Amino acid sequence: MKLSNDSVKEKLIKKFGEQVSCFQEPYGMLTFETPKEINLKVLSFLFDDETLKFTFLTAICAVHYPDKKDKELAVVYHLHSLTANLRIRFKVFTAIEKPDVFTATGIFSSANWMERETFDFYGVNFIGHPNLKRILNVDEMDYFPMRKEFPLEDQTRIDKDDEMFGRG
Amino acid sequence: MDVKSSIEQSMSFPGEVHQSPTGGILLSRIDDVINWARSNSLWPLVFGTSCCAIEMMSTASAKYDWSRFGFEVARATPRQADVIIIAGTIVNKIAPVLKRLYDQMADPKYVIAMGACATSGGPFFYNTYSVVKGADHIIPVDVYIAGCPPRPEALIHAMITLQEKIKSGLTREQIRMPKPELISL
Ligand code: SF4
C-alpha cells in the first residue's frame, strides 16, 4: 500500500491518541503538533515503524512567537521517509523562560549540528545534547539574534523610503 | 590616461638603454627594478568567503585569465602569497582568521578588498549581528573595488591599480620601509 498523509495521520492517532493535534496539510505536507515531553517518542515511533520508516531528518529549526503565552518558541522537525518518499513536519512548543526540549541526537546523529544552530539563534536548550554550544556565531555572543525582540530592520532608516527613489 | 595606455606604459621596463658600440648600457634604479619585478609576479592567496569569490574564480579562469598580468600562481598557503584578495563577507567569526592569515604572509604583502562587503559591510551594513563593517577594521587595505559583486574586469582593473601602486612605491609596506639610498650605477 502506498503511504499517504492520511495513513500516517491514522497511525499517529492510533498510537498517541489525543496527544497529537492540529493536523494540517499546507502545500500538501502533513503538519502536526505534539507536547514537547513526547517529542522523542514520536520521533522514534516514526523512525522504527515498519511501514513508516522516517529515517531521514531533513531539518530542525525554531520559530519565535512572542504573542503566544508560554508557547513562545516552537521547534520544528522535518522528516523524510526514503522508502515511501513522503515528507512530514511536526512542531513542539516551549515557554521562553525555560526553553528545554529533549535532544534528538540519540535517534539522528545529524541532529547534533542542527540543534546547535537552533540553540545558537533561538536559545533552545536541548537537554542531553553532547556538545551544546554556538556553531555559527562567535562564542562570546550573549544573545540569540533570531528572536523577535531584535528588529528585522532599523525603524529609523530613511534611505529606503520611496522618496529616495523619486516615487514618493 | 585611459587604462590601455596606462597598462602599456607600466608594462615597459623602468630605465633607459644607452647605445654603445659593443651593445648597450642600461641605466635604472635598483628600487624601480625590484618594484617592477615584484609587481609583475604577484601571487594571490586562495581566500574567498562568499559570492564575490565566484567572480574571483571566473577572473582566474580562461575567459578573463588574470595570468596575463602575472597573477596566475594562486597559493593555498599564506606563507607563499604576496597579495590577499578579500573576496566576500567578513563576519566576526572569520575576522581572527583573516588577521592571522595576513600576519603569516611574508613581507612585502598587499591587500585588495573586493566588493561592497569587504569594503564596508555592504548589504549587511544595517542591522547586522555578525558582519564586520569593512575588512579595513582588521587589516590595512591597498585597493578597494566597488560592486556587489564586482565584474571580473573590475577585479583586473584593481590588480593593475595595485601594480601601479607598487611601481610608484606608494603601498603601505613601501612607505613604511625606510627609503634606501639612491644607488647610482
Ligand atoms: S559584495 Fe555582494 S557579491 Fe560580494 S560578497 Fe558581498 S554580498 Fe556577495
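The coordinates are above.
Residues numbered from 1 in each chain as written. Chains lettered and ligands numbered in written order. Predicted model: local features only at pLDDT ≥ 70, side-chain atom pairs only at ≥ 80, totals over all residues.

J.: How should I be thinking about the overall build of chain A in this particular structure?
T.: Across its full length, chain A holds three helices and seven strands. Mapped in sequence order, the helices and strands of chain A form the string α-β-β-α-β-β-β-β-α-β. Based on the C-alpha atoms only, the size of chain A along its principal axes is roughly 60 × 40 × 30 Å. For chain A, buried positions account for 24% of its 168 residues. Partitioning the contacts of chain A with sequence separation of at least 6, the portion at a separation of at least 24 is 48%. (Helix = DSSP H or I, 4+ residues; strand = E, 2+ residues; numbered from the N terminus. Buried ≥ 20, exposed ≤ 12 C-beta atoms within 10 Å, placed from the backbone. Contact = placed C-beta atoms within 7 Å.)

J.: I'm lost on the sheet that holds strand β5 (residues 110–114) of chain B in this one. Help?
T.: Note: strands within a sheet are paired through backbone hydrogen bonds, in either parallel or antiparallel orientation. All names here are of chain B. Strand order in this open sheet of four strands is β3-β4-β5-β6, and the pairing throughout is parallel. If you trace the sheet from one side to the other, it starts and ends with β3 (44–45) and β6 (143–145), each paired once. As paired elements, strand β4 (residues 83–87) and β5 share five bridges and run parallel to each other. Paired with Ile-86 across the strands is Ala-113, a residue of β5. The strands touched by helix α3 (residues 52–60) are β4 and β5; relative to β4, the strand with the most contacts, the crossing angle is about 130 degrees. Running over the sheet, helix α6 (residues 152–167) touches β4, β5 and β6 and is turned about 165 degrees from β6. (Pairing = 2+ DSSP bridges. Axes fitted to C-alpha atoms, helices over the stretch in contact; angles between N-to-C directions.)

J.: Help me understand the pairing of β4 of chain B, please; the structure alone is not making it clear to me.
T.: Along a regular strand, successive side chains alternate from one face of the sheet to the other. All names here are of chain B. In terms of burial, β4 is largely enclosed, as five of its five residues are buried. The alternating pattern of β4 places Val-83, Ile-85 and Ala-87 on one face and Ile-84 and Ile-86 on the opposite face, and all of these are buried. Across two bridges, β3 lies against β4 in parallel orientation. Following the sheet pairing, Leu-45 is matched in β4 by Ile-84. As for the winding sense of the linkage, the β-α-β connection from β3 through α3 to β4 is left-handed. Between β4 and its parallel partner β5, the chain crosses via helix α4 (residues 95–104), and the hand of that crossover is right-handed. (Right-handed = clockwise from strand over helix to strand, strands pointing away.)

J.: Explanation requested: the site of the ligand in the structure shown.
T.: All names here are of chain B. Near the ligand you find Ser-50, Cys-51, Cys-52, Gly-88, Thr-89, Gly-115, Ala-116, Cys-117, Gly-122, Pro-123, Cys-148 and Pro-149, and these make up its full shell. When residues of the shell around the ligand are assigned to their parent elements, the largest contribution, three residues, is made by helix α5 (residues 115–120). When the residues that make up the shell around the ligand are grouped by side-chain class, the tally is seven nonpolar, five polar and no charged. (Near = placed C-beta within 6 Å. Nonpolar A, V, L, I, M, F, W, Y, C, P; charged D, E, K, R; others polar.)

J.: Before we go on, may I ask you to explain the interface of chain B and chain A in this structure?
T.: Where interface size is given, it is often the accessible area lost as the parts come together that is meant. Across the boundary between the two partners, chain B contributes six residues, which contact eight residues of chain A. A breakdown of the residues in the side of chain B that touches chain A according to their chemical character gives two nonpolar, three polar and one charged.

J.: Mind showing me how you'd approach the packing of α3 of chain B against α6 of chain B here?
T.: Two quantities define a packed helix pair, namely the angle between the axes and the distance from one axis to the other. Residue and element names in this part refer to chain B. Relative to each other, α3 and α6 sit at 75 degrees, their axes nearing to 9 Å. One finds that α3 runs roughly perpendicular with respect to α6. Contact residues: Glu-55, Met-56, Ser-58 and Thr-59 in α3; Pro-152, Leu-155 and Ile-156 in α6. When its residues are assigned to classes, the contact of α3 with α6 shows four nonpolar, two polar and one charged. (Parallel < 35°, antiparallel > 145°, perpendicular 65-115°, else oblique.)

J.: Is there a simple way to think about the environment of Ile-85 of chain B in this case?
T.: Residues and elements named next belong to chain B. Looking at the secondary structure, you find Ile-85 in strand β4. The spacing of Ile-85 and Cys-51 is 34 residues in sequence and 13 Å in space, taken between C-alpha atoms. When residues no more than four places from it in sequence are discounted, the contact partners of Ile-85 are Pro-44, Phe-47, Met-56, Ile-112 and Met-114.

J.: How should I be thinking about the packing of helix α2 (residues 30–39) of chain B against α6 of chain B in this particular structure?
T.: Residues and elements named next belong to chain B. Packing of α2 against α6 leaves a shortest axis separation of 8 Å and a crossing angle of 165 degrees. Classified by the interaxial angle, the pair formed by α2 and α6 is roughly antiparallel. Our pair here, α2 against α6, has a crossing hand that is right-handed. Contacts between α2 and α6 involve Asn-35, Trp-36, Arg-38 and Ser-39 on the former and, on the latter, Gln-163, Ile-166 and Lys-167. (Left-handed = near helix turned anticlockwise from the far one by under 90°.)

J.: Please explain the pairing of strand β1 (residues 16–20) of chain B as it appears in this structure.
T.: All names here are of chain B. With respect to burial, β1 is a largely exposed element, only zero of its five residues being buried. In terms of strand pairing, β1 meets strand β2 (residues 23–27) through five bridges, oriented antiparallel. Counted as the bridge partner of Glu-16 is Leu-27 from β2. In sequence, β1 turns back onto β2 through a hairpin of two residues.

J.: Looking at this structure, I do not really get the nonpolar core. What am I missing?
T.: Looking at soluble globular proteins, one finds that nonpolar side chains tend to be buried together. Ranked by internal contacts, the top residues of the largest apolar core, which has 35 residues, are Ile-84, Ile-85, Ile-86, Ile-112, Ala-113 and Met-114 of chain B. Of all the elements in the fold, those that place two or more residues in this core are α3, β4, β5, α5, β6 and α6 of chain B. Tallying contributions element by element places α6 of chain B first for this core, with six residues. Counting 30 residues, the second largest nonpolar core, distinct from the first, contains Val-8, Leu-86, Ala-104 and Phe-119 of chain A. (Core = buried A, V, L, I, M, F, W, Y, C linked by C-beta atoms within 7 Å.)

J.: Sorry if this is basic, but what is going on with the sheet that holds strand β2 (residues 30–34) of chain A here?
T.: Residues and elements named next belong to chain A. Here five strands make up an open sheet; going across it, the order is β1-β2-β5-β4-β3 and the pairing mixed. With one partner strand each, in any of the chains shown, β1 (21–24) and β3 (56–64) form the two edges of the open sheet. Each strand axis lies, on average, 20 degrees off the axis of its neighbour in the sheet, ignoring direction. Note: β2 against strand β5 (residues 86–94), five bridges, orientation parallel. Its bridge partner lying in β5, Thr-31 is registered against Arg-89. Contacting β3 and β4 (73–81), helix α3 (residues 111–122) crosses the sheet at an angle of about 10 degrees to β3.

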